[in-house]
Amino acid sequence: MILDPNRSDSPETLEERLAAFASAALSLYDLPPGAGVRLLNLSENATFLVEAPASRYRSILRVHRPGYHSKEAIKSEIEWICALSAHPNISTALPIRGRNGEIVQTFEHPSVPEPRNVVMFQFLPGREPDPSDVRSFEQLGRITAHLHEHARNWTPGRNLVRHTWDLDSMFFGPKPLWGRWEDGVGVTGRRARVLEKLAARLRERIGAYGKNPERFGLIHADLRLANLLLDGDRVQVIDFDDCGFSWYMYDLAAALSFIEDQPQVPALIEAWLRGYRDVRHLPTSDEEMIPSFILARRLLLVAWVGSHQESPYPRALGEGFTIRTVELAERYLAEEGVPV
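One structure accompanies this document, and this report is about it. (Residues numbered from 1 in each chain as written. Predicted model: local features only at pLDDT ≥ 70, side-chain atom pairs only at ≥ 80, totals over all residues. Heavy atoms only, no water.)

What about the packing of helix α9 (residues 290-307) against helix α10 (residues 312-335)?
- The interhelical angle for the contact between α9 and α10, taken along N-to-C directions, is 150°, at an axis separation of 9 Å. As summarised for this structure, α9 and α10 are arranged roughly antiparallel, according to the angle between their axes. For the crossing formed where α9 meets α10, the hand is left-handed. Across from P291, S292, L295, R298, L301, V302, W304 and V305 in α9, the residues of α10 making contact are Y313, P314, L317, G318, F321, T322, R324, T325, L328, A329 and Y332. (Axes fitted to C-alpha atoms, helices over the stretch in contact; angles between N-to-C directions. Helix = DSSP H or I, 4+ residues; strand = E, 2+ residues; numbered from the N terminus. Parallel < 35°, antiparallel > 145°, perpendicular 65-115°, else oblique. Left-handed = near helix turned anticlockwise from the far one by under 90°. Contact = heavy atoms within 4.5 Å.)

The structure is reproduced here in structure tokens:
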């Protein structure tokens, strides 16, 4: 029987059904005996740790959310990851091929309503950086600059099929990628009016900044702390699922996701910039846009929280995230000279 995720009488949670799917999908791979799965994260995708304790085997299985990326788009992501593996300054997890030799697998199982694409990756040891650790942000700035330089000089073997993270796809187009910020949790009354003024100012500032190739290209687009692993002095980059075309400075904004209102943010920005400039020249005109990209990312996250209430983390953020976003917006608008 196919279980409908909208059925209130279903005896299984979404997490349990996805775990059943992932467990069955292990049959696609050559794995040691006794391999099983444990859910690590449920966001755009479901990410599972694959373990076979007797052999100390570990890997990561990503079960893709239906409708977010096509199979061709996932292949484009994998192509960039594999190209980056030859870079001396970038560490990331390589994909693992299935029994059929393919990296991107499509699998069906009665625990979920439709087929899903799955990819398995190498397991990387490490821990998520501490948000107050300035040194890790300096390292991150360096790595981000290397990613940008690689993307600018890389010639892919295919036409890359990836999202474009621009103003239309994030906010103003007919179908924003993460939903409408207007549908965020608790976006009503005065809050909605403040965020509307923020959106208008961002459209003006970022629109004027433009998409010159020196400013806009292929980026990771989700370089937040949860997608970094510290292993000794090495910072490893994981989860390229949102990689696509956007402004280079948007990568810094993404690194500050969910902590934009914390007091250590100015120090983290300075550390990131020091690291970045060690590798790549950064014009003053780009640096001046950082506050605007931080607020653009924060407004995008308001939309994401509202459109992902089936997942535990955005559900836990709830209305409080919107309230703090409005406070950040008021501060930004005041600095921009825009009356609220």
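Considerations on the packing of aromatic side chains
- Under the definition given, this model contains 12 aromatic pairs.
- Residues F21 and F107 carry aromatic rings whose centres are separated by 5.3 Å and whose planes lie at 70° to one another, so their mutual orientation is edge-to-face. Here F21 is found in helix α1 (residues 14-25), whereas its partner F107 is found in strand β5 (residues 105-107), with 86 residues between them in sequence. Of the two residues, F21 and F107, neither departs from the other in class, the shared state being buried.
- With a centroid separation of 6.4 Å and 55° between ring planes, the pair formed by W178 and W304 is classed as tilted. Taken as a pair, W178 in the loop between α4 (167-172) and α5 (189-209) and W304 in helix α9 lie far apart in primary sequence, 126 residues in all. (Phe/Tyr/Trp six-rings, centres within 6.5 Å; stacked < 30°, edge-to-face > 60°. Buried < 20%, exposed > 50% of the residue type's maximum accessible area, 1.4 Å probe, protein only.)

Remarks on the pairing of strand β2 (residues 46-52)
- Burial analysis of β2 places 6 of its 7 residues in the buried class, which makes it a mostly covered element.
- Examined bridge by bridge, strand β1 (residues 36-42) and β2 share 6 bridges and lie antiparallel to one another. Its bridge partner lying in β2, N41 is registered against T47.
- Across 7 bridges, β2 lies against strand β3 (residues 57-63) in antiparallel orientation. Residue pairing across strands places A46 opposite V63, the latter belonging to β3. (Pairing = 2+ DSSP bridges.)

Some words on the side chain of E44
- By secondary structure assignment, the location of E44 is in the loop between β1 and β2.
- There is no salt bridge for the buried E44, and the closest opposite charge comes from R65, which lies 4.1 Å off by N-O distance.
- In terms of polar contacts, E44 uses its side chain to reach the side chain of W304, at 3.1 Å.
- Setting aside anything within four residues of it in sequence, one finds E44 in contact with R65, Y68, W178, D241, W304 and H308. (Lys, Arg positive; Asp, Glu negative; His and termini not counted. Salt bridge = Lys/Arg side-chain N within 4 Å of Asp/Glu carboxyl O. Polar contact = N/O pair within 3.5 Å; in protein donor to acceptor, adjacent residues only side chain to side chain.)

Points about the pairing of β3
- Most of β3 is tucked away, with 5 of its 7 residues classed as buried.
- Pairing of β3 with strand β6 (residues 116-122) involves 5 bridges; the strand directions are antiparallel. Of the residues in β6, the one forming a bridge with V63 is V118.

Considering the packing of helix α2 (residues 71-84) against helix α3 (residues 134-153)
- Where α2 contacts α3, the axes come no closer than 11 Å and their chain directions differ by 110°. Looking at the two axes, α2 sits roughly perpendicular to α3. Helix-helix and strand crossings are classified by hand; for α2 and α3 the assignment is right-handed. Residues W80, A83 and L84 of α2 form the contact with α3, whose own contacting residues are L147, H150 and A151.
- Broken down by class, the residue content of the contact of α2 with α3 amounts to 5 nonpolar, 1 polar and no charged. (Nonpolar A, V, L, I, M, F, W, Y, C, P; charged D, E, K, R; others polar.)

A word on unusual backbone geometry
- Phi angles above zero are rare outside glycine, and D239 is one such case at about 55°.
- Tracing the sequence through the fold places D239 in the loop between β9 (234-237) and β10 (244-247).
- Of note, F258 is a non-glycine position whose phi angle comes to about 75°, a positive value.
- One can find F258 in the loop between α6 (250-255) and α7 (265-279).

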